[in-house]
Amino acid sequence: MQQQPADRYAPQRARGKGRLVTKAFGGRTRLAEFFQEGCAKIRLPETFSPEMEAILINTSGGLTGGDVIEWSVAAAASTRLSVTTQANEKIYKASADTASVSTRISVGPSASVHWLPQETILFDQASLTRRLDVELSDTSEFLAVEAVLLGRKAMGEAVANGTFRDRWRIRRDGKLLHAEEMKLDGEIERLTRATAVLSGRVAFATLFYAGPLTDALLPKLRACLEGTAGGASTWNGKIIARLVAADGYALRKILTPVISVLRNGAPVPKVWNI
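Every residue gets a number counted from 1 within its own chain, in the order that chain's sequence is written. Since the coordinates come from a predicted model, pLDDT governs what is reported: local features require at least 70, and pairs of side-chain atoms require 80 or more to be given and counted, while whole-chain, interface and lining totals use all residues. The side-chain figures draw on all heavy atoms in the structure; neither hydrogens nor water molecules are used.

Trainee: I'd like a rundown of the overall build of the protein, residues and numbers included.
Mentor: Only DSSP runs of H or I covering at least 4 residues are called helices, and only runs of E covering at least 2 are called strands; the numbering of each starts at the N terminus. What the protein contains, in helices and strands, is three helices and 17 strands. When we talk radius of gyration, it's over C-alpha atoms, and the globule rule is simply 2.2 Å times the number of residues to the 0.38. Its C-alpha atoms give the protein a radius of gyration of 19 Å, within 12% of the compact-globule value 19 Å for 274 residues. Each of the three principal axes of the protein carries a C-alpha extent, and together these read 65 × 50 × 35 Å. Counting every position in the protein, which comprises 274 residues, the buried fraction comes to 46%. Partitioning the intrachain contacts of the protein with sequence separation of at least 6 by distance along the chain shows that 71% fall at a separation of at least 24. Categorising residues by exposure relies on relative accessible area from a 1.4 Å probe, with only protein chains included: less than 20% of the type maximum marks a residue as buried, more than 50% marks it as exposed, and the intermediate range marks it as partly exposed. A contact between two residues is defined here by any heavy atoms of the two lying within 4.5 Å.

This is the structure in C-alpha cells:
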C-alpha cells in the first residue's frame, strides 16, 4: 500500500466543553448541573466553607492553533462560587489557525462568582482568541482576573511574533457595564517595548470587581498597589485594576495580595500557592 504524505491529513485538535451550575441548599452552595466533554474537566474539592470551589483542567496540556475550549458557569441566587485553574494555560506555536477559549458566566441575585484562572503563558508564534461574557444581577458580586505572560523569562523564552486577542463583555441586568478589547498582533516584542504599551515588561494582568464592596475596597486596593507598576480606578459601580511586571514571578507576588484584597481578605485558591 502506498503511504500517503503526512500533509494530507488534518492535524488532531483539542476540543473541550465544561458547564457548572450551582444551587443553594441547606445554607451551602451545591451542585445543580455538571457537564464535561473532551479535554475540559472540572474538579470540585471539598471545602469547609459554605461556598464552592471549582478547578478547571485542560487535559490536552496546552493549546495550539485550531484548539477550542468552552467554559460555562452559572451561580444561582444566594450561592458563592470561586473558579480557578489547575495550572497555567500554555499557548504554543500555531502552525495554522488560532486557539479559541470562550467563557460564559451568569451570576444570580445576591450570588457571588470569583473568576480566578492562573496566568496564561504565550509562546513565540502562538495565536489565541479569548472571550469572556458575563451577566450580572443588580445585587450580585463578580471578581475576575486575567493575567498573561509573554514567555517565561526564567527559561530564556521570549515572544517575538504572535497573536493575542482578548474580548470582555460584562452586563448588569442586561445593560452593558464593561467592555474591552485587547489585540497584540504581529511583532509583539517590538510592540510591547513601547512605553505606552508594556515598556518592555512581559507580564500583565487586568482585574475587575463589581459588587456591594466597591467603595470600601478601592482605598485598600490602591494602598496594596503602592510602589508597583499598577493602578486602579472606579466608576459606574465597578473597579478596574491593571498591573504590569518584569516577569511572571514578580507579577504573581503583586497579584496574590491584590486578589486577597478584592476577596475582602480571603486568600487566593490553594492551587495558586507558589
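Next comes the rest of the write-up.
Trainee: Residue-level account of the nonpolar core, with values.
Mentor: Soluble globular proteins: nonpolar side chains tend toward being buried together. Only buried Ala, Val, Leu, Ile, Met, Phe, Trp, Tyr and Cys residues count toward a nonpolar core, and they belong to the same one when joined by side-chain atoms within 4.5 Å. If you look at the biggest cluster of nonpolar residues, it comprises 46 residues, and the most contacted ones within it are Ile105, Phe142 and Phe208. Grouped together as the second largest cluster of nonpolar side chains are 29 residues, Ile121, Leu143, Leu207 and Leu255 included.

Trainee: Can you tell me about helix H3 (residues 248-262), naming the residues and giving the values?
Mentor: Given the number of residues in a helix, its expected span is that number minus one, multiplied by 1.5 Å. Over its 15 residues, H3 extends 20 Å from the first C-alpha to the last, a length consistent with the 21 Å expected when each residue adds 1.5 Å. Residues Leu251, Arg252, Ile254, Leu255, Val258, Ile259, Ser260, Val261 and Leu262 constitute the buried set of H3. By the criterion applied in these results, polar contacts are pairs of N or O atoms within 3.5 Å in which, for protein atoms, one can donate a hydrogen and the other can accept it, and in which residues neighboring in sequence qualify only through two side-chain atoms. The N-capping residue of H3, defined by a side-chain oxygen 3.3 Å from the backbone nitrogen of Tyr249, is Asp247. Following H3 by one or two positions, Asn264 adopts a phi angle in the positive range, close to 60 degrees.

Trainee: Break down the packing of aromatic side chains for me, with residues and values.
Mentor: For this analysis, a ring pair means two rings from Phe, Tyr or Trp (six-membered ring only for Trp) whose centres lie within 6.5 Å, classed as stacked if their planes differ by under 30 degrees, edge-to-face if by over 60, and tilted for the remaining angles. One pass over the full model with this rule turns up two aromatic pairs. With a centroid separation of 5.0 Å and 25 degrees between ring planes, the pair formed by Tyr92 and Phe123 is classed as stacked. Of the two residues, Tyr92 is situated in the loop between strand S7 (89-91) and strand S8 (99-107) and Phe123 in the loop between strand S10 (120-122) and strand S11 (127-136); the sequence distance between them amounts to 31 residues. By relative accessible area, which is 34% here, Tyr92 ends up partly exposed. On the basis of relative accessible area, Phe123 is assigned to the buried category, the value being 14%. Aromatic side chains Phe142 and Phe208 sit 6.1 Å apart centroid to centroid with 50 degrees between the ring planes, which places their arrangement in the tilted category. Here the residue Phe142 occupies a position in strand S12 (residues 141-150), and Phe208 occupies one in strand S15 (residues 203-210), the gap between them amounting to 66 residues. The class for Phe142 is buried, based on a relative accessible area of 0%. Classification of Phe208 as buried rests on a relative accessible area of 0%.

Trainee: Outline the packing of helix H2 (residues 214-225) against H3, listing residues and values.
Mentor: Where helices are involved, their axes are fitted lines through C-alpha atoms of the stretch in contact, as for all axes, and angles between N-to-C directions lie from 0 to 180°. Running from N to C, H2 and H3 point in directions that differ by 165 degrees, and their axes come no closer than 9 Å. Taken together, the axes of H2 and H3 lie roughly antiparallel to each other. Once H2 is placed against H3, the crossing between them reads as right-handed. For the pair H2 and H3, contact is made by Leu217, Lys220, Leu221, Cys224 and Leu225 and by Ile254, Pro257, Val258, Val261 and Leu262, respectively. Gly counts as polar in this scheme, as do all residues outside two lists: the nonpolar Ala, Val, Leu, Ile, Met, Phe, Trp, Tyr, Cys and Pro, and the charged Asp, Glu, Lys and Arg. The residue inventory of the contact of H2 with H3, partitioned by class, reads nine nonpolar, no polar and one charged. Under this scheme an angle from 65 to 115 degrees is roughly perpendicular, one under 35 degrees roughly parallel, and one over 145 degrees roughly antiparallel; angles in between are oblique. Should the near helix be turned counterclockwise from the far one by less than a right angle, the crossing is left-handed, whereas a clockwise turn marks it as right-handed.

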